Amino acid sequence: MVVSRRGASVRAPRVSFESSPPPAAASPRIVVGDCVAEMAKLPAASVDLVFADPPYNLQLQGDLKRPDDSRVDAVDDDWDKFSSFSAYDDFTRAWITACRRLMKPTATLWVIGSYHNIFRVGTVLQDLGFWILNDIVWRKSNPMPNFRGRRFTNAHETLIWAARQAPAKDYTFNYEALKAGNDDIQMRSDWLFPLCTGEERLKGRDGKKLHPTQKPEALLARVILAASRPDDLVLDPFCGTGTTGAVAQRLRRLETIRNVAEQLLNRPQLGREVFQRGAPEPIAEIKHPEWSATLYDLLTAYAGRRQTQARSFVRMPKRTVWSLAEAREALERLIGLSMEWSPLDQYLAEYLVEPSMKATVMASSFAATLELVREGHLELNQHAAFAPLYVRKRQKTENGGVAAETGNG
Ligand SMILES: C[S@@+](CC[C@H](N)C(=O)[O-])C[C@H]1O[C@@H](n2cnc3c(N)ncnc32)[C@H](O)[C@@H]1O
């Protein structure tokens, strides 16, 4: 339907979108036409939430160029052209009045705009008796730069949230849900979202974007989640690509899935609430743990855990070792010219000042003794297994040989 709208220089098809069914209807509706005229046909006091993204009235003077002289794809569509501020104000008053008639007393309205139009919209809202609840700043994380470098980067848009009238009572604000979704911190009035880009951005076959001002779904999701209930009727008079309707539908589907899951979980369970015929019905044993630990128990358990997890560093002391060379040198010196059998331990006694040295002194001395015996310097004698070892300097015989004395060692 092509319907004229006061103030617009060229007429084009306009689209309005309703999401969530009115009480009797079942599915969302898209109404094609001028929103002011089409809203006049809808029943009064039937809408719970209005989200409006009206023309900005950008008043662009010629093409906007980048430093490389390429043209910026700005909003230069006919629907955004108004002959004067007063024409824009008339149009604004007309659509807001039409929305107000459709709003239930508890309904609220959101309008998004830029510095070009939001102040004019705010004035009209207050003039018509709306009660402003908040202005929200949508901070764009990826704004378009200011190409001429003559102003600040325009990095935000403003949303006005208003109740139909003062005093604002019984309107929907899902404070707790928003807080829960925000790390349990109150939701603030400055929201950070990127512009609609990537997969979400609707494009034509030529790869160019279908609409110059498609809003991000995350922004709409926050608005709808904040200010509506699952079965509410949401109205968007300036549908554009239909972001509001699409998001409202998706949230509705999520709500349906949540409800179905809840119903499934709450159904009687076999073996718990219902039993097969003939099946034994055991007495349910319901256990309630009772904690009886004292503060002392808790502290002890805590200390125990800490202890098992605590790091400890163990440094192994370097062992003192008596080397074979040292042992041999000591034996040669100690036994000297002794021709008497003497227990090997006796020679070692002076080296065993420290008990920890016993093993190394014994081992090295024994090895050195064997070496000296093999080389013919010493004789070794042991009378029985594990009996003390006797040692003496090897006896030379008169003919220059060595005296043989047998032992059993
Ligand atoms: C700023 S855009 C909205 C974009 C939309 N929020 C989105 O996410 O795609 C405004 C839209 O309103 C439409 N429009 C302008 N005047 C209208 C009117 N009188 N009735 C219905 N639609 C209108 C334009 O065609 C344009 O698509």
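Here is a short report on the structure shown in this document. (Residues numbered from 1 in each chain as written. Predicted model: local features only at pLDDT ≥ 70, side-chain atom pairs only at ≥ 80, totals over all residues. Heavy atoms only, no water.)

Re the overall build of the protein
Within the protein one finds 10 helices and 11 strands. Relative to its 409 residues, the protein shows a buried fraction of 34%. For the protein, the exposed surface amounts to about 26,400 Å²; the carbon and sulfur share of it is 55%. (Helix = DSSP H or I, 4+ residues; strand = E, 2+ residues; numbered from the N terminus. Buried < 20%, exposed > 50% of the residue type's maximum accessible area, 1.4 Å probe, protein only. Areas by Shrake-Rupley, 256 points an atom, 1.4 Å probe, with all protein chains shown as cover.)

Let's talk about empty space enclosed by the protein
Considering all chains together, one arrives at three cavities of 30 Å³ or more under this definition. The computed volume of the largest cavity comes to approximately 50 Å³. Along the walls of the largest cavity sit D48, T106, A107, T108, D170, Y171, T172, A227, R229 and D232, which together make up its complete lining. Considering every element that reaches the lining of the largest cavity, the biggest residue donor is strand 4 (residues 103-113), with three residues. In the lining of the largest cavity, the residues fall into three nonpolar, three polar and four charged. (1 Å grid on protein atoms, 1.4 Å probe; cavity = no way out; pocket = protein on both sides within 12 Å on 5 of 7 lines; lining within 4 Å. Points joined across faces, edges and corners; volume = space filled by probe spheres on them. Nonpolar A, V, L, I, M, F, W, Y, C, P; charged D, E, K, R; others polar.)

A few points about the sheet that holds strand 10 (residues 378-381)
An order of 9-11-10 is seen for the three strands of this open sheet, with the pairing classed as antiparallel. Across the chains shown, the open sheet's two edge strands, defined by having one partner strand only, are strand 9 (342-343) and strand 10. Pairing of strand 9 with strand 11 (residues 390-393) involves two bridges; the strand directions are antiparallel. Across the sheet, P343 pairs through a bridge with Y390, a residue of strand 11. Contacts from helix 10 (residues 358-374) reach strand 10 and strand 11 within the one sheet, and its direction differs from that of strand 10 by about 120°. (Pairing = 2+ DSSP bridges. Contact = heavy atoms within 4.5 Å. Axes fitted to C-alpha atoms, helices over the stretch in contact; angles between N-to-C directions.)

A look at the pairing of strand 6 (residues 156-163)
With seven of eight residues buried, strand 6 is to be regarded as a mostly interior element. Strand direction decides the pairing type here: strand 4 and strand 6, joined by six bridges, are antiparallel. Paired with L109 across the strands is A162, a residue of strand 6. Of the strand pairs in this sheet, strand 5 (residues 131-140) and strand 6 are connected by eight bridges, and their pairing is antiparallel. Across the sheet, W138 pairs through a bridge with E157, a residue of strand 6.

Re the layout of surface pockets
By volume, the largest pocket is sized at about 1,400 Å³. If you go around the largest pocket, you meet 43 residues; those closest to its centre are L64, V72, A74, M144 and N154. Of all elements in the fold, only strand 5 and strand 6 reach the threshold of two or more residues within the lining of the largest pocket. Looking at the lining of the largest pocket, its residues break down into 18 nonpolar, 13 polar and 12 charged.

A closer look at the packing of aromatic side chains
For any pair of aromatic rings, the description rests on two quantities: the centre-to-centre distance and the angle between the ring planes. Under the definition given, this model contains 11 aromatic pairs. Grouping aromatic residues by their ring pairs yields a cluster made of W110, W161, Y171, F173, Y175, W191 and F193. The lysine or arginine in question, R100, covers the ring of F130, its NZ or CZ lying 5.3 Å from the ring centre. Here the guanidinium or amino end of K140 rests over the ring plane of W138, the centre of that ring lying 5.1 Å away. (Phe/Tyr/Trp six-rings, centres within 6.5 Å; stacked < 30°, edge-to-face > 60°. Lys NZ or Arg CZ within 6 Å of the ring centre and 35° of its normal.)

As for the pairing of strand 5
With four bridges connecting them, strand 5 and strand 7 (residues 190-193) associate as parallel partners. Bridging across to strand 7, W138 finds its partner in W191.

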